[in-house]
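Structural description and commentary
This is what each chain is made of:
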Amino acid sequence: MSPTVSQDGLPVPQRYGAIITIALGIMMAVLDGAIANVALPTIARELNASPAESIWIVNAYQIAIVISLLSLSFLGDMLGYRRVYQVGLALFIATSLFCALSSSLNMLTVARILQGFGGAALMSVNTALIRIIYPQRFLGRGMAINSLIVAVSSAAGPTVAAAILSIASWKWLFLINVPLGIVALWLALRFLPDNTQKAKQQKFDVPSAIMNALFFGLLISALSGFSQGQDHWLILAEVVALVLVGVVFVRRQLAMPVPLLPVDLLRIPIFSLSMCTSICSFCAQMLAMVSLPFFLQNVLGRDEVATGLLLTPWPLATMVLAPIAGRLIEKVHAGLLGGLGLAIFAAGLFLLALLPSQPTDIDIIWRMMLCGAGFGLFQSPNNHTIISSAPRHRSGGASGMLGTARLVGQSSGAALVALMFNLFNDSGTHASLVLAGSFATVAAVVSMSRMTQSSQTVKS
């Protein structure tokens, strides 16, 4: 039996059990998107694969998530967020074991695709679940915990991977998910609430799901192909196909009463503005996080451990500020709070771009802390606005769009780093940081513009 839930969330003991479940699941799903990067050379060597082929260990997981996220969030609105989350956890556990037992690159790639579908199920409904776990007046606190887990897991992936690889084989990057996942599944069966307002009138449209998969699959494939220097004609063909599929897909969604791609939600001004700020902020984050290790290692001569330690102040500052932002949202408009956070984030990025030629560790650390603090101050209020501006029966669609915005922003940021290094060679990190600061500045302006919009939850 799932816990009973009212319009005003779960009572306190069950609420804590439910939020721990969400935190564990999202931590595993996000970490597994970044954790394999560090181990790619080792995995490629053990499985007799080339470096280029081994990239699919990362891409397969990411593409599987992006192409299925909105479809699974749509099913969450129809069938219940609790059910989608529990099935996703079970699949994630089984496929993590499959990854660890893989003996060839093809086998591991298939396992990573299936694991991606499990991860997508977790990401697609996590914020929708938080909306029914927490009372409306405390929703900001729940969103802060979620933002904290996502931000720290994204940034800490390489550090966690390095720690595991220092004492165990690469297989433990995946095996560690099995005991953690079993604990999370037990908690999910015991504590997760069911949504009483299921969208019974919704019908799952298979052609829409296929076009959604094609659109986002082509988008991520083109971006990653560009970042890896694939043939320009192949990338052009993908972009042309992307535009054609996108036009047909959007036209179909506009004609549907309850669309899979939530164009109905994008008509809500504060929702669409918040989506723009989310994409820009994660693009800026990735531009910095991918380019900075090159500068620290290739220009300053720091080793891998020192690089990891110098990047750590960013997630640590986010950990401190995200819960504070979650409480401030109860008193301060999300547009103002988010704009202030993004302005601090932009300042930190520009200051990193202006580092002296031979900076001390302190020079780097306080700038990283500024970036992390600004990011933490922005993310919780922004996610709160995205999820609370949607009608309750469309919380799944809003949750799916939130995850999609993050992944599209991160993929775009990674591709832009490649472009900056191709254009500016040794100055690639500097160019990436200037571009990241520019994205954060645009996001700050957009965030401030939300102050003219109502921040009240849509009830209908």
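None of the values given here were measured: they were computed from a predicted structure.

Structural notes on the overall build of the chain
Broken down by element type, the chain carries 18 helices and 0 strands. Within the chain, buried positions represent 57% of all 460 residues. Within the chain, contacts between residues at least 6 apart in sequence are counted, and of these 84% link residues at least 24 apart. Carbon and sulfur atoms form 70% of the exposed surface of the chain, whose accessible area is close to 18300 Å². Here the chain carries 25 positive and 16 negative side-chain charges, and the mean point of each set is 16 Å from the other.

As for empty space enclosed by the protein
Under the counting rule described, the total for this entry stands at 1 cavity of 30 Å³ or more. Of all elements in the fold, only helix 5 (105-133), helix 6 (139-165), helix 16 (361-388) and helix 17 (395-424) reach the threshold of two or more residues within the lining of the largest cavity. If you tally residues by element for the lining of the largest cavity, the top one is helix 17, at 4 residues. Residue classes in the lining of the largest cavity are distributed as 5 nonpolar, 8 polar and 1 charged.

Quick word on the packing of helix 4 (residues 81-101) against helix 8 (residues 177-191)
Relative orientation of the contacting elements helix 4 and helix 8 amounts to 160 degrees, with a least axis distance of 9 Å. On the basis of their axis angle, the class for helix 4 and helix 8 is roughly antiparallel. Pair helix 4 / helix 8 crosses with left-handed handedness. Side by side, helix 4 and helix 8 meet where Arg82, Gln86, Leu89, Ala90, Phe92, Ile93, Ser96 and Leu97 of the first sit next to Asn177, Val178, Gly181, Ile182, Ala184, Leu185, Ala188 and Leu189 of the second. Each residue belonging to the contact of helix 4 with helix 8 can be placed in one class, and the counts come to 11 nonpolar, 4 polar and 1 charged.

Details of helix 10 (residues 232-254)
With 23 residues, helix 10 should reach 33 Å at 1.5 Å per residue; the first-to-last C-alpha distance of 33 Å fits that figure. Among all positions of helix 10, only Ile235, Glu238, Leu242, Val245, Gly246, Phe249 and Gln253 are buried. Against the buried residues of helix 10 lie helix 9 (206-227) and helix 11 (263-266). Here helix 10 starts with a cap whose side-chain oxygen sits 3.0 Å from the backbone nitrogen of tryptophan 233, and that cap is aspartate 231.

Here's the deal with the nonpolar core
With 72 residues, the main nonpolar core has Ile22, Ile26, Tyr85, Leu129, Ile133, Leu192 and Phe271 as its most contacted residues. Discounting residues that sit within four places of it in the chain, tyrosine 85 has contacts with Thr21, Ile22, Gly25, Ile26, Leu122, Val125, Asn126, Leu129 and Leu192. In this structure, Leu296, Leu352, Leu433 and Ala443 belong to the second largest nonpolar core, which totals 33 residues.

A few points about the confidence of the model for the chain
Residues with a pLDDT of 70 or more make up 94% of the chain, whose mean pLDDT is 85. For the stretch residues 455-460, pLDDT sits under 50, and the model shows 16 contacts to residues farther than four places along the chain or on other chains.

Observations concerning the packing of helix 9 against helix 10
Running from N to C, helix 9 and helix 10 point in directions that differ by 150 degrees, and their axes come no closer than 9 Å. When the axis of helix 9 is compared with that of helix 10, the two are roughly antiparallel. With respect to the hand of their crossing, helix 9 and helix 10 are arranged in left-handed fashion. Contacts between helix 9 and helix 10 involve Pro207, Ser208, Met211, Asn212, Leu214, Phe215, Leu218, Leu219, Ser221, Ala222, Gly225 and Phe226 from the first element and Ile235, Glu238, Val239, Ala241, Leu242, Val245, Gly246, Val248, Phe249, Arg252 and Gln253 from the second. Broken down by class, the residue content of the contact of helix 9 with helix 10 amounts to 15 nonpolar, 6 polar and 2 charged.

Some points on helix 16
Between the first and last C-alpha of helix 16 there are 41 Å, a value that for 28 residues agrees with the 40 Å anticipated at 1.5 Å per step. Counted residue by residue, helix 16 has 21 buried out of 28 residues, so it is predominantly covered.

Observations regarding the pattern of salt bridges
In the structure shown here, the tally under the stated rule is 5 salt bridges. For arginine 394, the salt bridge identified is with aspartate 77, shortest N-O distance 3.4 Å. In this pair, arginine 394 sits in the loop between helix 16 and helix 17 while aspartate 77 sits in helix 3 (residues 56-79), placing the two residues 317 residues apart along the sequence. The salt bridge involving arginine 252 is made with aspartate 205; its shortest N-O contact spans 2.8 Å. With arginine 252 in helix 10 and aspartate 205 in the loop between helix 8 and helix 9, this residue pair connects regions lying 47 residues apart in the sequence. We classify arginine 252 as partly exposed; its relative accessible area is 34%. Residue aspartate 205 is classed as buried on the basis of its relative accessible area, which comes to 15%. One salt-bridge network, held together by shared partners, links Asp77, Asp264 and Arg394.

Brief notes about the environment of threonine 452
As for its position among the elements, threonine 452 is in the segment after helix 18 (428-449). Given the relative accessible area of 67%, threonine 452 is considered exposed. Sequence separation between threonine 452 and isoleucine 270 is 182 residues, and the spatial gap between their C-alpha atoms is 9.0 Å.

With respect to the environment of serine 224
Looking at the element boundaries, serine 224 is found in helix 9. Through-space distance from the C-alpha of serine 224 to that of arginine 394 is 31 Å; in sequence the pair is 170 residues apart.

Looking at the side chain of serine 395
Along the chain, serine 395 falls in helix 17. Of note is the side chain of serine 395, whose polar atom sits 2.9 Å from the side chain of arginine 131. Setting aside residues no more than four positions away along its own chain, serine 395 makes contact with Asp77, Tyr81, Ala128, Arg131 and Ile387.

Details of the state of the cysteines
This model, assessed by the stated rule, comprises 0 disulfides. As a non-bridged cysteine, cysteine 276 has cysteine 280 as the owner of its nearest cysteine sulfur, 6.6 Å distant. Judged by relative accessible area, cysteine 276 falls into the partly exposed class, the value being 41%. This cysteine, cysteine 283, is not joined by any disulfide, and cysteine 280 carries the nearest cysteine sulfur, 7.1 Å off. Its relative accessible area of 3% is what places cysteine 283 among the buried residues.

Calculation notes
- Residues numbered from 1 in each chain as written.
- Predicted model: local features only at pLDDT ≥ 70, side-chain atom pairs only at ≥ 80, totals over all residues.
- Heavy atoms only, no water.
- Helix = DSSP H or I, 4+ residues; strand = E, 2+ residues; numbered from the N terminus.
- Buried < 20%, exposed > 50% of the residue type's maximum accessible area, 1.4 Å probe, protein only.
- Contact = heavy atoms within 4.5 Å.
- Areas by Shrake-Rupley, 256 points an atom, 1.4 Å probe, with all protein chains shown as cover.
- Lys, Arg positive; Asp, Glu negative; His and termini not counted.
- Charge placed at Lys NZ, Arg CZ, Asp CG, Glu CD.
- 1 Å grid on protein atoms, 1.4 Å probe; cavity = no way out; pocket = protein on both sides within 12 Å on 5 of 7 lines; lining within 4 Å.
- Points joined across faces, edges and corners; volume = space filled by probe spheres on them.
- Nonpolar A, V, L, I, M, F, W, Y, C, P; charged D, E, K, R; others polar.
- Axes fitted to C-alpha atoms, helices over the stretch in contact; angles between N-to-C directions.
- Parallel < 35°, antiparallel > 145°, perpendicular 65-115°, else oblique.
- Left-handed = near helix turned anticlockwise from the far one by under 90°.
- Expected span 1.5 Å × (residues − 1).
- Polar contact = N/O pair within 3.5 Å; in protein donor to acceptor, adjacent residues only side chain to side chain.
- Core = buried A, V, L, I, M, F, W, Y, C linked by side-chain atoms within 4.5 Å.
- pLDDT = per-residue confidence, 0-100.
- Salt bridge = Lys/Arg side-chain N within 4 Å of Asp/Glu carboxyl O.
- Disulfide = S-S within 2.5 Å.

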